[in-house]
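The chain contents come next:
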Amino acid sequence: MAGAFLALVAVMAGAFGAHGLRNLVSERGLEVFQTAVTYQMYHSIALVLLALLAAQGLSRKLLAWSVGFFLAGILLFSGSLYLLVLTDIRWIGPITPLGGLCFMVGWALLITSGLRRNK
């Protein structure tokens, strides 16, 4: 449900960025906003897939950790980019890489879960 909800929010944010922000922020701001939307959508879909993989016998514990890192990544990566574009608060920028790191950890945990299943 979280993945589907966050995917819905990504679609809404994308529409807002394409139509509501076009005359309010720079072209670069629109690109940054679109990057946030794209990563949010990818990882929202990943959350839905994690739920399906849990039903296939992969480690629920590892998948749950992966879910947590994907959620944190969406909040930190996409959230910080949204705030940066909408508020121009520059100190928020250094938070973005932490979100990217969360995404990487989430994917590594998913890989580990798959590798453990095959043993």
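Residues numbered from 1 in each chain as written. Predicted model: local features only at pLDDT ≥ 70, side-chain atom pairs only at ≥ 80, totals over all residues. Heavy atoms only, no water.

Student: Any chance you could explain the packing of helix α2 (residues 27-54) against helix α4 (residues 96-117) here in plain terms?
Tutor: Packed helices, taken two at a time, are described by the angle between their axes plus the distance between the axes. Running from amino to carboxyl end, α2 crosses α4 at an angle of 25°, the nearest separation of the two axes being 12 Å. On the basis of their axis angle, the class for α2 and α4 is roughly parallel. In this structure, α2 meets α4 at a crossing whose hand is left-handed. Note on element contacts: α4 touches α2 through Phe103, Trp107 and Leu110, opposite Tyr39, His43, Ala46, Leu50 and Leu53. Tallied by class, the residues present in the contact of α2 with α4 amount to 7 nonpolar, 1 polar and no charged. (Axes fitted to C-alpha atoms, helices over the stretch in contact; angles between N-to-C directions. Helix = DSSP H or I, 4+ residues; strand = E, 2+ residues; numbered from the N terminus. Parallel < 35°, antiparallel > 145°, perpendicular 65-115°, else oblique. Left-handed = near helix turned anticlockwise from the far one by under 90°. Contact = heavy atoms within 4.5 Å. Nonpolar A, V, L, I, M, F, W, Y, C, P; charged D, E, K, R; others polar.)

Student: What is the right way to look at unusual backbone geometry in this model?
Tutor: Generally, phi is negative for residues other than glycine and the peptide bonds are trans, each holding for most cases. Backbone geometry at Asp88 places phi at a positive 60°, although glycine is not the residue there. Looking at the secondary structure, you find Asp88 in the loop between α3 (60-87) and α4. Residue Asp88 is classed as partly exposed on the basis of its relative accessible area, which comes to 46%. (Buried < 20%, exposed > 50% of the residue type's maximum accessible area, 1.4 Å probe, protein only.)

Student: What is the right way to read the layout of surface pockets from this model?
Tutor: The rolling of a water-molecule-sized probe over the atoms marks out the regions of remaining empty space. By volume, the largest pocket amounts to about 200 Å³. Around the largest pocket, the lining residues are Val25, Ser26, Arg28, Gly29, Val32, Thr35, Leu84, Val85, Asp88 and Arg90. When contributions to the lining of the largest pocket are tallied by element, the ones reaching two or more residues are α2 and α3. Ranked by residue count, the leading element in the lining of the largest pocket is α2, at 4 residues. In terms of residue class, the lining of the largest pocket is made up of 4 nonpolar, 3 polar and 3 charged. For the second largest pocket, the calculated volume is near 160 Å³. As for the second largest pocket, its lining consists of Leu6, Val9, Met12, Ala13, Phe16, Gln40, Ile74, Leu75, Gly79 and Tyr82. (1 Å grid on protein atoms, 1.4 Å probe; cavity = no way out; pocket = protein on both sides within 12 Å on 5 of 7 lines; lining within 4 Å. Points joined across faces, edges and corners; volume = space filled by probe spheres on them.)

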